[in-house]
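Descriptive analysis of the structure
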Amino acid sequence: MSVKRTLMIVGLGIFGIIALITVFTSWYTVDESEQAVVITFGRAADTVTNPGLHFKLPWPVQSVEILSKETFSLQFGYKQNKAGELEAYDAETKMITGDENIVLTDLVVQWKITEPNKFLFNSQDPERILHSATSSAIRSIIGSSSIDAALTEGKADIEANTRQLLVSLIEKYDIGISVLGVKLQDVELPNKDVRAAFTAVTDAREMKNTKINEAEKYENQRISEAEGERDAIMSKAKGTKTARIEQAQGDVAVFNKMYEQYKGNQQITRERLIIETLENVLPKAQIYIMNDDGSTMKYLPLQQLQPQQSQQTQTEKKEGSGN
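Summarised in this report is the structure supplied together with it. Keep in mind the model is a prediction, meaning the values are calculated, not measured. (Residues numbered from 1 in each chain as written. Predicted model: local features only at pLDDT ≥ 70, side-chain atom pairs only at ≥ 80, totals over all residues. Heavy atoms only, no water.)

Here the focus is the overall build of the protein chain. Within the protein chain, the regular secondary structure consists of 9 helices and 11 strands. Per-residue burial for the protein chain yields a buried fraction of 20% across its 323 residues. If you take every contact in the protein chain between residues at least 6 apart in sequence, the share linking residues at least 24 apart comes to 66%. When the accessible surface of the protein chain is summed, it comes to about 23,500 Å², and 54% of that surface belongs to carbon and sulfur atoms. (Helix = DSSP H or I, 4+ residues; strand = E, 2+ residues; numbered from the N terminus. Buried < 20%, exposed > 50% of the residue type's maximum accessible area, 1.4 Å probe, protein only. Contact = heavy atoms within 4.5 Å. Areas by Shrake-Rupley, 256 points an atom, 1.4 Å probe, with all protein chains shown as cover.)

Structural data, given as structure tokens:
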């Protein structure tokens, strides 16, 4: 075989390899959940977010890095193995609170890639940086919180403050990541006995809140009943007031009529009132009416005659029945 023929075969082989490389590296596809960065001689170009088939210059002129647009979860303090079991890392989660107590804190950070260029080129391992920033943020917040707040009602504030601090740290690092949320999984004590004691404290606090709610409910019920009784008493009092006023007005009307009669016949009315009063005060007394000169007026002993008349009447009835 001649040298010329050999060179031709080698040239054709090289051309074929270049052609294959050109064909297979001149296009790429982007899924709906993906984003791509086209790199030209090591320099990143614009980010491609439109799904579908795209073309570029063949390798080694241009290359493509495909990144996900989905939300990722960073598990801090534990990890799920292939068998689905959780593996805890107590050394990583052991922290000191502001009142010098030790707690174990696990959390999950939701994050996503928002600037692919910075994610690829501003750091060598952005996920490791995120993990370190998470550790720094949660330790800082736990270190300024009390043990009671960390174990009971202060978890929501710890989550919000940790997320705020973590976002500020990630913005300073400028690694193309956005933190979406921070969720505490477990905040507990390392010792079982102490953990049980704090659990009892938590239960007692919940019982206290329950009793307070029940007492407030009872208080509101009693207040409602008292207000109802008050309204009933006031309504009854208003009715009594109205009745008394009407009765007084009736008495006044009667008195006014008597007064009109009295003005026309003062002497007769005065004597009649005196006699009626004496009859009411001394119902069994014998009343003698005297003239002004001291002599006795005509007097008929009606009180003595009434028993005699009644006895005579009964005798007549008996005789009539005997005949």
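Here we come to the sheet that holds strand S5 (residues 62-68). Spatially, S3-S2-S5 is the arrangement adopted by the 3 strands of the open sheet, whose pairing is antiparallel. The open sheet is flanked by strand S3 (43-48) and S5, the only strands paired with a single partner. Going across the sheet, the axis of each strand differs from the next one's by a mean of 25 degrees, ignoring polarity. As defined by bridge partners, strand S2 (residues 34-40) adjoins S3 across 4 bridges and the pair is classed as antiparallel. Bridge pairing in S3 places Ala-36 opposite Val-48. (Pairing = 2+ DSSP bridges. Axes fitted to C-alpha atoms, helices over the stretch in contact; angles between N-to-C directions.)

Right, let's talk about the nonpolar core for a bit. Note on soluble globular proteins: their nonpolar side chains tend to be buried together. Counting residues in each nonpolar core, the largest one holds 30 residues, and the members touching the most others are Ile-138, Leu-166 and Ile-170. Elements with a contribution of two residues or more to this core: strand S6 (72-76), strand S10 (102-113), helix H4 (126-143), helix H5 (147-151), helix H6 (155-173) and strand S11 (177-188). Per-element accounting of this core gives the leading share, 6 residues, to H4. The residues touching Ile-170, leaving out its near neighbours within four places in the chain, are Leu-130, Ala-133, Ile-175, Ile-177 and Val-179. Tyr-28, Val-30, Val-38 and Val-48 belong to the second largest nonpolar core, which has 5 residues in total. (Core = buried A, V, L, I, M, F, W, Y, C linked by side-chain atoms within 4.5 Å.)

A few words on the pairing of strand S1 (residues 27-30). Residues of S1 alternate between two faces, with Tyr-28 and Val-30 buried on one and Trp-27 and Thr-29 left unburied on the opposite face. Judged from the 4 bridges that link them, S1 and strand S4 (residues 52-55) form a sheet pairing that is antiparallel. Bridge pairing in S4 places Trp-27 opposite Phe-55.

Position of Leu-107 relative to the elements: it lies in strand S10. Note: C-alpha distance between Leu-107 and Gln-75 (32 residues apart in sequence) is 6.3 Å. Those residues within four positions of Leu-107 in sequence are excluded, and the remaining contacts are Leu-74, Gln-75, Phe-76, Tyr-78, Thr-134, Ile-138, Val-182, Lys-183, Leu-184 and Gln-185.

This next bit is on a negative patch on the surface. On the surface, a cluster of negative charge is made up of Asp-99, Glu-100, Asp-148 and Glu-153. Structurally, Asp-148 can be placed in helix H5. (Patch = residues over 30% accessible without salt bridge, like charges linked within 9 Å, V, L, I, M, F, W, Y side chains within 5 Å. Salt bridge = Lys/Arg side-chain N within 4 Å of Asp/Glu carboxyl O. Lys, Arg positive; Asp, Glu negative; His and termini not counted. Charge placed at Lys NZ, Arg CZ, Asp CG, Glu CD.)

On to the packing of H4 against H6. For the pair H4 and H6, the least separation of the axes is 9 Å and the interaxial angle reads 140 degrees. Here H4 lies oblique to H6, going by the angle between them. H4 and H6 meet at a crossing whose hand is right-handed. Residues Ile-129, Leu-130, Ala-133, Thr-134, Ser-136, Ala-137, Ile-138, Ser-140, Ile-141 and Ile-142 of H4 form the contact with H6, whose own contacting residues are Ile-158, Asn-161, Thr-162, Leu-165, Leu-166, Leu-169, Ile-170 and Tyr-173. For the contact of H4 with H6, the per-class residue count stands at 13 nonpolar, 5 polar and no charged. (Parallel < 35°, antiparallel > 145°, perpendicular 65-115°, else oblique. Left-handed = near helix turned anticlockwise from the far one by under 90°. Nonpolar A, V, L, I, M, F, W, Y, C, P; charged D, E, K, R; others polar.)

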